[in-house]
Amino acid sequence: MGLKILGTGSSLPKLSVTNDMLSGLMDTNDEWISTRTGIKSRYICSDEKLLDLAADAAKKAIDMARIDKDEIDTIICTTVCSDYLTPSMACMINKELGISCRSLDINAACSGFIYGLELAKAYIDSGIAKKILLVSAENMTRLSDWSDRSTCVLFGDGAGATVLSEGDDLMAVSVTARGNEELLNISGIHGNSPFDKTEAGENFLHMNGKEVYKFAVSSICEELEKTVKEAGIEFKDVDYILLHQANMRIIGAAQKRLPVAKEKYLSNIDRCGNTSSASIPILLDEEARKGRFKKGDVLLMSAFGGGLTTGTCAIKWGI
Ligand code: UT7
């Protein structure tokens, strides 16, 4: 068994914030951000809640899949910044769509979408689920430290969704993690227990950019090589590569190491910045709606992020 993608959807906040707009708020400039990251602007939530984006992306994916929403028996949402700690984002999407089904969130940081695909495959293979809505929704700008110019300029908000069902299109998928909170972390809620003697962390994202960068380049290349082998194909058989949109220089480093033509790497980082686990499904949906993919095209995807997690897959486009 396995799975196939029936439909995709995405949703971005209406406010686009350019590098020049940021340079009016802090000591930064378009030249630094563009040359170090490839980012020119990012979409940032202003009056939108994350649920608005998640539900909008979900509805578009359901429309493309041409299914009745009541056929969905499982909602998986990948996020590090749910509107509530509980209920989960998936439960809120379930409420917004007006359906009742198994609903759960997973947090694998920027690798969440690939973790979600693997979990969906396991649900489908075991016969537990038949139609799964996988939504990746992130509000990273709410967790960014806006007094730290080295991280806050990198992130954007958005949601991407896919509807998945039984099929043979997922050729290979693998995920892993190397536990490490030093290189990238966001502290949890500390609360006000009178008995708690531990120190509260700041609820902002902290990242050692240089070390995460090195981890990203080596893990993307190693994991893609493994995935290509596992899928029983060669790099020449690959039509498109969708990497986690964290930094154009990371994508450039992968392009130098892997034997795949540059034109096959798709990207929207210039417009969207890093939207964590939503970055690959947003890119997938945007390219699908442009008519980029034809049936049977082989897509490679690879993500890395906090955890430290990685996730990689090869999937045939089947719509
Ligand atoms: O999805 C989560 C995964 N995260 C990532 O993929 C991030 C991976 N890492 C990166 O993308 C890069 O490490 C960054 C883009 C975050 C940083 O690039 P870098 O080349 O490693 O720069 P740096 O941190 O070494 O900073 C170089 C200089 C510093 O100045 P000095 O000390 O050399 O005088 C910084 O203070 O750039 C300065 N700087 C800035 N200048 C203008 C840092 N941030 C900014 C800024 N504007 N926004």
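Below is a short write-up of the structure. Model, not experiment: these values are computed from the prediction. Just so you know, the residues in each chain are numbered from 1, in the order the chain's sequence is written. The model is predicted, so local features are restricted to residues of pLDDT at least 70 and side-chain atom pairs to those at 80 or more, both for listing and for counting; the totals for chains, interfaces and linings are taken over all residues. Heavy atoms from the whole structure form the basis of all side-chain values; hydrogens and water molecules are not counted.

Quick notes on the overall build of the chain
- Within the chain, the regular secondary structure consists of eleven helices and 14 strands.
- Dimensions of the chain along its principal axes, counting C-alpha atoms only, are 50 × 45 × 35 Å.
- Throughout, exposure labels follow a simple rule: accessible area from a 1.4 Å probe, protein chains only, divided by the maximum for the residue type, with under 20% read as buried, over 50% as exposed, and the rest as partly exposed. In the chain, buried positions account for 56% of the 319 residues.
- Considering only residue pairs separated by 6 or more positions, the chain has 76% of its internal contacts joining residues 24 or more positions apart.
- When the accessible surface of the chain is summed, it comes to about 13,900 Å², and 50% of that surface belongs to carbon and sulfur atoms. Only DSSP runs of H or I with at least four residues qualify as helices, and only runs of E with at least two residues qualify as strands; both kinds are numbered from the N terminus onward. Residues are treated as being in contact if the distance between any of their heavy atoms lies within 4.5 Å. Residue-level accessible areas treat just the shown protein chains as cover; the underlying method is Shrake-Rupley with a 1.4 Å probe.

Topic: the sheet that holds strand S6 (residues 131–139)
- We call two strands paired when DSSP finds no fewer than two bridges between them. Within the open sheet, the five strands sit side by side as S1-S7-S6-S4-S5. Their pairing is mixed. Whereas interior strands pair on both sides, the edge strands pair on one side only; in this sheet they are strand S1 (3–11) and strand S5 (102–106). Taken pair by pair, the neighbouring strands of this sheet meet at an average axis angle of 20°, ignoring direction.
- Judged from the eight bridges that link them, S1 and strand S7 (residues 157–166) form a sheet pairing that is antiparallel. Bridge pairing in S7 links Ser 10 to Gly 160.
- Sitting on the sheet, helix H5 (residues 112–125) is in contact with S1, strand S4 (74–78), S5, S6 and S7, with an inclination near 160° to S4. An axis is simply a line fitted to the C-alpha atoms; with a helix, the fit covers only the stretch in contact. Between two such axes, the angle follows the N-to-C directions and lies from 0 to 180 degrees.

Brief notes about the environment of Gly 167
- Note that Gly 167 resides in the loop between S7 and strand S8 (170–180).
- In this structure Gly 167 comes out as buried when scored by relative accessible area, which is 14%.
- C-alpha separation for the pair Gly 167 and Met 1, spaced 166 residues apart in sequence, amounts to 6.3 Å.
- If we skip the residues at most four places from it in the chain, Gly 167 touches Met 1, Gly 2, Leu 3 and Lys 4.

What about the pairing of strand S14 (residues 307–316)?
- Most of S14 is tucked away: eight of the ten residues are buried.
- In the sheet, S8 pairs with S14 via eight bridges, with the strands oriented antiparallel. Bridge pairing links Thr 176 to Thr 310 in S14.
- The sheet contact formed by strand S13 (residues 298–305) and S14 spans eight bridges and is antiparallel. What sits directly across from Gly 305, in S14, is Thr 309.
- Linking S13 to S14, which pair antiparallel, is a turn of one residue.

Let's talk about the side chain of Glu 287
- In this structure, Glu 287 sits in helix H11 (residues 279–289).
- For Glu 287, a relative accessible area of 2% gives the class buried.
- Among the polar contacts listed, one links the side chain of Glu 287 to the side chain of Lys 290, at a separation of 3.0 Å.
- N or O atoms within 3.5 Å of each other form a polar contact, as long as, within protein, one can give a hydrogen and the other can take it, and as long as residues adjacent in sequence are counted only when both atoms are side-chain atoms. At 2.7 Å, the side chain of Glu 287 forms a polar contact with the side chain of Arg 292.

Quick look at the packing of helix H8 (residues 209–230) against helix H9 (residues 248–257)
- Two elements in contact, H8 and H9, have axes whose closest approach is 10 Å; the angle formed by their N-to-C orientations is 40°. Note on packing geometry: the crossing formed by H8 with H9 is right-handed. Between H8, through Tyr 213, Ala 216, Val 217, Ser 218, Ile 220 and Cys 221, and H9, the contact on the second element is made entirely by Arg 249, Ile 250, Ala 253, Ala 254 and Arg 257.
- Think of it as three bins: nonpolar holds Ala, Val, Leu, Ile, Met, Phe, Trp, Tyr, Cys and Pro, charged holds Asp, Glu, Lys and Arg, and polar takes everything else, Gly as well. Class assignment of the residues belonging to the contact of H8 with H9 gives a composition of eight nonpolar, one polar and two charged. Whether a crossing is left-handed or right-handed is set by the direction in which the near helix is turned from the far one by less than a right angle, anticlockwise for left-handed and clockwise for right-handed.

What about the packing of helix H3 (residues 50–65) against helix H4 (residues 89–97)?
- With their axes 10 Å apart at the nearest point, H3 and H4 run at an angle of 60° to one another. It follows that H3 is oblique to H4 by the angle criterion. Seen from above, H3 lies across H4 with right-handed handedness. Touching Leu 50, Leu 51, Ala 54, Ala 55, Ala 58, Lys 59 and Ile 62 of H3 are Met 89, Met 92, Ile 93, Glu 96 and Leu 97, all from H4. Roughly parallel here means an angle under 35 degrees, roughly antiparallel means over 145, roughly perpendicular means 65 to 115, and every remaining angle is called oblique.

Any functional reading would require information that these geometric values do not contain.
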